[in-house]
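What follows is the residue order along each chain.
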Amino acid sequence: MAHKISSDYHEDEWNNWKWHISHTIRDLTTVEKLLGVKFSAEKRRSLEDTILKFPMSITPYYFSLIDRKNFENDPVFIQSVPSAAELNFSCYDKEDPLAEDVDSPAPGITHRYPDRVLFHVSNRCAMYCRHCTRKRKVGDIDKNLSRDELKKGLEYIKNTPRVRDVLLSGGDPLLLPDSILEWLLSELKAIPHVQVIRIGTRVPVVLPQRITPHLVKIIRKYHPVWINTHFNHPREITSTSSRALGMLADAGIPLGNQTVLLAKVNDCPRVMKALVHKLVENRVRPYYLYQCDPAQGLSHFRTSIGKGIEIIENLIGHTSGFAVPTYVIDAPNGGGKIPIMPNYLISQSSSKVILRNYEGIITAYYQPEDYHPPKCGQDCSACNLDLDLNGAAEGALVGIARLLSNYEDTDYLVPTECDRMDRRKSGYDQITTMGTSLIQHGKNSDRIYLMRLAAEEAATLITGMQTLATENGYTKLFAKVPDDIKPLFEADGFETEAVIPCFYGGSKAGYFMGKFIDKDRKIEENGELLEDVLKVAHSKAGKVPAVKLPNGYTLRKCTAEDTSAMAEVFSTVFASYPFPIFEPDYISRTMAESITYYGIWHGDRLAALSSAEQYPLEGHVELTDFATLPAYRRRKLAGILLRTMEDEMKQKGFGVSYTSAVAESYGMNISFARQGYKFAGRLKNNTQINGSIKSMNVWYKCLKKKTK
Ligand SMILES: *Cc1c(COP(=O)(O)O)cnc(C)c1O
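Residues numbered from 1 in each chain as written. Predicted model: local features only at pLDDT ≥ 70, side-chain atom pairs only at ≥ 80, totals over all residues. Heavy atoms only, no water.

S.K.: Sorry, what's going on with the packing of aromatic side chains here?
M.R.: How two aromatic rings sit relative to each other is set out by the distance from centre to centre and by the angle between their planes. Per the stated rule, a full pass over the model turns up 19 aromatic pairs. Centre to centre, the rings of Phe503 and Phe512 are 5.3 Å apart; their planes meet at 65°, and the pair counts as edge-to-face. There is no split in this pair, since Phe503 and Phe512 are both buried. Members of the aromatic cluster, each reached through a chain of ring pairs, are Tyr449, Phe478, Phe503, Tyr504, Phe512 and Tyr658. Note that Lys486 overlies the ring of Tyr511, its terminal NZ or CZ placed 4.5 Å from the centroid. Positioned above the aromatic ring of Trp601, the side-chain terminus of Arg556 is 3.8 Å from the ring centre. (Phe/Tyr/Trp six-rings, centres within 6.5 Å; stacked < 30°, edge-to-face > 60°. Buried < 20%, exposed > 50% of the residue type's maximum accessible area, 1.4 Å probe, protein only. Lys NZ or Arg CZ within 6 Å of the ring centre and 35° of its normal.)

Written out as structure tokens, the structure reads:
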């Protein structure tokens, strides 16, 4: 066969990978010659058309694996020789089904998951797989990326400390010259936060000669390096590829395999079982079985998802656990890999779960009756699981994991398009005047809140508020009033919920008073939890030493130019909010009025925010809107913001700073107690946050030393 490909073939060139690269089969005439057939004129034309759109390239080695007697049905042939079916696009097919180009923050980088990136370091492939998900790019520019281009990708990784795992992909990274590959690996190895390097390559399948002793020697210098290969059919595991895999495994490189489920290639449980068995014999762990992506040109390769589940059903339990890959669908539009399994959990009650095994035996598993999971307030130093956080991952709390945690307030995730939520946003509580006093009211928190009281209007206000409440069906009235006005409100049924002794001008007490029009609103369903939060918070009172801003971070007041970044941080942190702080315009308006926002930046990235809402006439300031991006939690940024705001407000002459924290959440209550704030009381079922009405704890700190 080698002589048919090259008239001046020399002995032994077959074992030289460069010979294969320079003799890849790229035209139909050679295909015909090697198979000993002649395609009909019509077939030839359709194949020419296909090659024009999606080029062909096959290594002589891989071509030699085709069974020439039955090539039409041969899995190697089907994966490597074009088919006219590639030009049948279905309306569901996309050019870039995984949105890799969109999720690309730097040349060659696809950053989709929190802690790892895909780095496309090569444009070249030895063989153009007909089922390539990056078919749109195949043959585009069959040259290597320049060092400058690669440097930009490296720069991104260097500047993104969250990235601890870099996956070299392409093209095929092992088609890079040894020197470039070594340079890349050494650059990556030198980045302190890169803990693991992975190489995704089909070289052991289509060009095993590339695995030379020299290449292996280079790779093993930069451990831990993991390699994932791409065998789709047991026939691809030849003595040559077996030897290549052995060399890699002997060099201590953990090997995995990613198979694509392909119609007429491996859509059969028996073929797949033979494949995984041969892989593990060669020390390759089956890693993923991919559902074929809906990319243009692949529709004839796609199977039903049921086929994949059937295959996994035939593997789990039937063979070694480590021989079973995870079956995944790479979600269209960049959702990432989603694992799919047969159902083993078939029913459950509060005490039992019902499971079935691979044989069809159905069993009950009794859940423990007295299991108390550790209560997580994200304070690992107080937890008996004894996690040493130094160096531990502290990534963002994302997705369902965020809903499951019990230290985040988020209790639902909202799609970006949601009519109902949009309606809710337009239902923010309004701020209006009544006489010269200021009130806020709305369905959102289902109450009227007297924000600023002109003392002489007290009596008329009380009746005015009651009328407004009746008209709108509000269930609570709420007011902040000084000592001398308090009896008037008490006479009308208001009761004190919180008291701040230095509320007015740093000396006169302020009373936070609530009147429950609907008596049921006063009932707190989670009273025990609320008491526990307080108990824990009190136990940590005033225990925190001053913390300095970590290196690389800056703190400053926000300006109108920051409002878009601010809105983004707020909307990342809060699922919903009583005010439209997800809108930059609203933020600039409040900035122009009475609110000063403070931000902490990490480089250019806004990491944390808070605000000081100032009431100069009354001499108090509310410190609120604390928001830290999940990736920046645990650096005590909120505490640093709090101290800074306090200092500035003290300078400005405010007598007291105060805040309200969702009473059922440990985090903020503990923070304020630690920072020396005193508990003023609890506003029962007061404020709508993340979809339900919550009780709020009021905390305060007097900023003026008592004179007298
Ligand atoms: C598959 C993939 C990864 C790696 O995912 P793992 O599940 O860790 O193997 C990383 N980034 C992108 C864009 C991917 O498609």
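S.K.: Explain the sheet that holds strand 12 (residues 362-366) here, please?
M.R.: In a beta sheet, neighbouring strands pair by backbone hydrogen bonds and run either parallel or antiparallel. One open sheet accounts for 3 strands, arranged 10-11-12; its pairing is antiparallel. The sheet is open, and its two edges are formed by strand 10 (345-348) and strand 12, each paired on a single side. Going across the sheet, the axis of each strand differs from the next one's by a mean of 25°, ignoring polarity. Strand direction decides the pairing type here: strand 11 (residues 352-356) and strand 12, joined by 5 bridges, are antiparallel. (Pairing = 2+ DSSP bridges. Helix = DSSP H or I, 4+ residues; strand = E, 2+ residues; numbered from the N terminus. Axes fitted to C-alpha atoms, helices over the stretch in contact; angles between N-to-C directions.)

S.K.: Please explain unusual backbone geometry as it appears in this structure.
M.R.: A negative phi angle characterises most non-glycine residues, just as the trans form characterises most peptide bonds. The omega torsion of the bond from Gly170 to Gly171 falls at 10°, within 30 degrees of zero and hence cis. Within the fold, Gly171 resides in the loop between strand 3 (165-169) and helix 8 (178-189). Each neighbour pair has its own omega, and for His223 with Pro224 the value is -5°, a cis peptide bond. On the secondary structure map, Pro224 appears in the loop between helix 10 (213-220) and strand 5 (225-229). At Asp625, a position not held by glycine, the phi torsion is positive, near 55°. For Asp625, the position within the fold is in strand 22 (residues 620-628).

S.K.: Even after reading the chapter, I still don't get helix 7 (residues 147-158), so can you show me in this structure?
M.R.: Taking 1.5 Å per residue as the helical rise, helix 7 with its 12 residues ought to reach 16 Å, and the 16 Å between its terminal C-alpha atoms agrees with that figure. Restricting attention to buried positions, one finds in helix 7 the residues Leu150, Gly153, Leu154, Tyr156 and Ile157. Projected down its long axis, helix 7 shows its buried positions confined to an angular sector of 155°, all on one face. Opposite the buried face of helix 7, by more than 90 degrees, sit the exposed residues Asp148 and Lys152. Summarising the contacts, the buried residues of helix 7 are in contact with strand 1 (109-110), strand 2 (116-120), strand 3 and helix 8. (Expected span 1.5 Å × (residues − 1). Arc of directions from axis to C-beta. Contact = heavy atoms within 4.5 Å.)

S.K.: Hey, could you run me through the sheet that holds strand 8 (residues 326-331) in this one?
M.R.: Taken together, 9 strands build an open sheet; the order of strands is 1-2-3-4-5-6-7-8-9 and the sheet is mixed. Every other strand in the sheet has two partners, leaving strand 1 and strand 9 (336-340) as the edge strands with one partner each. Relative to strand 5, strand 4 (residues 196-200) runs parallel, the two being bridged by 4 bridges. Bridge pairing links Arg198 to Trp226 in strand 5.

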